[in-house]
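# Report on the structure
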Amino acid sequence: MVLARLVCLVLALSAASVRAAPAESALSGPFDIETAVAVALERSPGLQAAAHRIRAAEHLADAERRPEPTRLTFDIWQVPLARPWAWNESPMVMLGLRQPVPAAGSLKARAAARRKDAAADAATRDVVAQDLASAVRHAFIDYAAATARHGVHLEHQRVSEHVLGLAKARQVVGGTLLEIARAETEVARARADVATDATATQAARTRLNTLMARDAHAPLGAPKDPSPATVRADASGLIADAQGGRPETRAADARREAAALDLRAARREANLPSAMLGVAYFPATRPMPMHGYGLMVDLQLPWLSGQGRKRRDAQAELSAAAVRDVAQVKLSIAGEVSAALATVQSASERYQALTREARPASLRAREVALTGYEAGRGDFTELLAAEAVHVEVAMDVIAAKSDLDHALIDLDRAVGSPVARRPLAQGPAAP
């Protein structure tokens, strides 16, 4: 049962088709976000330890259902101190068996409560798995963004070096040394940005490797950046899905049921007696030359001391608290889903505004300025300004795409399962 639940969890969190866990070689070339998640869930020592604890809790629940062990007792009384070996002179030698008998029905209720605790542990393990999957997805998006920024800066370096060549060529026919110096400055800045990108990319790669339980410097291929997408869903429907399906709700429900079962057991223990039953065999001795047997019934009467009632009252308070915990979890989930959905909608609008208007405009401005300068008619300052704006807008687009992807990951985590996507148009807006 546990193994089946774990397999289902991995498949649900990765939101991929049924497939075996990818091998290490799958990460050496280009890989997608779901491959990274599958590797992390498969290799996580924390999740493996949690699986062992869940199985341990289930074994403890089985043990709780069984009565306490039977006790074997041996008594010998009044052996003469002068002859301590003379057991046959004892007036009583007794060999007995004793069996504790709890209040009727209490063992069954306690065992059922422990099974609910095990179910809560399993749901908590699912929470940890979802948190790990979200962390891997966030790290993957950061890795993809760092790679994209590196590509923009490489293009900027190429353009800057081309402009430097044009400036040197124009200097022969009337250009100025100032243009060459400014072009050289832009080339140097572009190269510095490329070097900085390499450091940022390595940091993102290290973080992703660590989350996947790999060596920090293990080779990692290029990330396949997810296509731009958003969601089309109403908050009320997502909240209902989240409150019913998130593992936090399942854990709180299981703890509520466990507390109710513990309360049932406490009520039985407060109202019904427990007992110690025994049977004994008395072998013949010199003072007692006959064999015999004995019976023992030892009743604990809980209603006389009041301890059982106090334990019952305490458990009633814990049961009431567990009910409120469920309500609090659902309230928190509603807030998380609403905030995450609003963030997705805002990030989608920003990304579309940048890709439909700002990016095409900055690209046209750079092409016009570069073409004019190549033809000997354009202004060098305008060219630098157009190139700077183009790079800035490209960085804004990457940041907006990264923010959108992060927001979608947070929405999936808030709902507890992948939310249906719809693609976003990336081209310029229709006239």
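Residues numbered from 1 in each chain as written. Predicted model: local features only at pLDDT ≥ 70, side-chain atom pairs only at ≥ 80, totals over all residues. Heavy atoms only, no water.

## Here's the deal with the overall build of the protein
Note the threshold: In this text, helices come from DSSP runs of H or I with a minimum length of four residues, and strands from runs of E with a minimum of two, each type numbered from the N-terminal end. Exposed residues in this analysis have more than 50% of their type's maximum accessible area, buried residues have under 20%, and partly exposed residues fall in between, with area computed by a 1.4 Å probe over protein chains only. Working rule for contacts: check all heavy atoms of both residues, and any pair within 4.5 Å makes them a contact. The method behind every accessible area is Shrake-Rupley, applied with a 1.4 Å probe, and residues are considered shielded solely by the protein chains displayed. Under the convention used here, Asp and Glu are negative, Lys and Arg are positive, and both His and the chain ends fall outside the count. Working definition for charges: the position is that of NZ of Lys, CZ of Arg, CG of Asp or CD of Glu.
When helices and strands are tallied, the protein shows 10 helices and six strands. Its C-alpha atoms give the protein principal-axis dimensions of about 135 × 50 × 35 Å. Taking all 431 residues of the protein together, the buried fraction comes to 41%. A sequence separation of at least 24 residues applies to 79% of the contacts in the protein between residues at least 6 apart. Surface summary for the protein: the accessible area is close to 23200 Å², and the carbon and sulfur share equals 59%. The average position of the 53 basic charges and that of the 49 acidic charges among the side chains of the protein differ by 8 Å.

## A few points about the side chain of Thr-285
For clarity, the threshold we go by: Identification of polar contacts relies on pairs of N or O atoms within 3.5 Å, with a donor-acceptor requirement for protein atoms, meaning one able to donate a hydrogen and the other able to accept it, and with residues adjacent in sequence counted only if both atoms are side-chain atoms.
As for its placement among the helices and strands, Thr-285 is situated in the loop between strand S4 (274–282) and strand S5 (292–300). A distance of 2.8 Å separates the side chain of Thr-285 from the backbone oxygen of Ser-90, its partner in a polar contact.

## Here's the deal with the sheet that holds strand S2 (residues 92–101)
We count it as follows: At least two DSSP bridges between two strands are needed for those strands to be called paired. Lines fitted to the C-alpha atoms define the axes, with helices restricted to the stretch that makes contact. Angles between their N-to-C directions range from 0 to 180 degrees.
The strand order across the open sheet formed by four strands is S1-S2-S4-S5, and the pairing between neighbours is antiparallel. Both edges of this open sheet fall to strand S1 (71–77) and S5, since each of them pairs with a single strand only. Adjacent strand axes in the sheet meet at a mean angle of 20° when their direction is disregarded.

## As for the confidence of the model for the protein
Threshold: Every residue gets a pLDDT, meaning the predictor's confidence in that residue, from 0 to 100.
Looking at the protein as a whole, its pLDDT mean stands at 87, while 91% of the residues score no less than 70. Low pLDDT (under 50) marks residues 1–20, which in the prediction has 30 contacts with non-local residues, meaning those over four places away or in another chain.

## Some remarks on the nonpolar core
Formally: Only buried residues count toward a nonpolar core, which is a set of Ala, Val, Leu, Ile, Met, Phe, Trp, Tyr and Cys residues joined through side-chain atoms within 4.5 Å.
Membership of the largest hydrophobic core comes to 24 residues, with the highest contact counts inside it found for Val-231, Leu-238, Val-337, Val-344, Leu-404, Leu-411 and Val-415. Counting only elements with at least two residues in this core, the list comes to helix H6 (235–245), helix H9 (307–374) and helix H10 (380–415). Aside from chain neighbours lying at most four places away, what touches Val-231 is Leu-341, Val-344, Leu-408, Leu-411, Val-419, Ala-420, Arg-421 and Arg-422. Judged by nonpolar contacts, the second largest core, of 22 residues, contains Leu-27, Phe-31, Leu-132 and Ile-409.

## Things to note about a positive patch on the surface
Applicable threshold: Note on patches: the residues involved have over 30% relative accessible area and no salt bridge, like charges join within 9 Å, and the nonpolar side chains Val, Leu, Ile, Met, Phe, Trp and Tyr join within 5 Å. The rule for a salt bridge is simple: a side-chain nitrogen of Lys or Arg has to be within 4 Å of a carboxyl oxygen of Asp or Glu.
A grouping of Arg-65, Lys-108, Arg-264 and Arg-268 is seen on the molecular surface, where their side chains present a positively charged patch. Along the chain, Arg-268 turns up in helix H7 (residues 247–271).

## Focus: the packing of aromatic side chains
Rules: Within 6.5 Å between ring centres, the rings of Phe, Tyr and Trp (the latter by its six-membered ring) count as paired, and their orientation is classed by plane angle as stacked under 30 degrees, edge-to-face over 60, tilted in between.
A complete count under the given rule lists two aromatic pairs for this structure. Ring centres of Phe-31 and Phe-140 lie 5.5 Å apart, and the angle between their planes is 80°; on these two criteria the pair is classed as edge-to-face. Of this pair, Phe-31 sits in the loop between helix H1 (2–14) and helix H2 (33–43) while Phe-140 sits in helix H4 (residues 106–172), placing them 109 residues apart in sequence. The burial state of Phe-31 is the same as that of Phe-140; both residues are buried.

## Some points on helix H5 (residues 177–211)
Cut-off, in case you're wondering: What a helix is expected to span follows from its residue count: subtract one and scale by 1.5 Å.
In a regular helix each residue adds 1.5 Å, so 35 residues correspond to 51 Å; H5 covers 52 Å between its end C-alpha atoms and thus fits that length. Positive phi appears at Ala-213, one or two residues downstream of H5, with a value of about 60°.

## Overview of the pairing of S4
Every regular strand shows the same layout, with side chains that alternate between the two sheet faces. Sheet analysis places S2 next to S4, joined by seven bridges and oriented antiparallel. Across the sheet, Gly-96 pairs through a bridge with Ala-280, a residue of S4.

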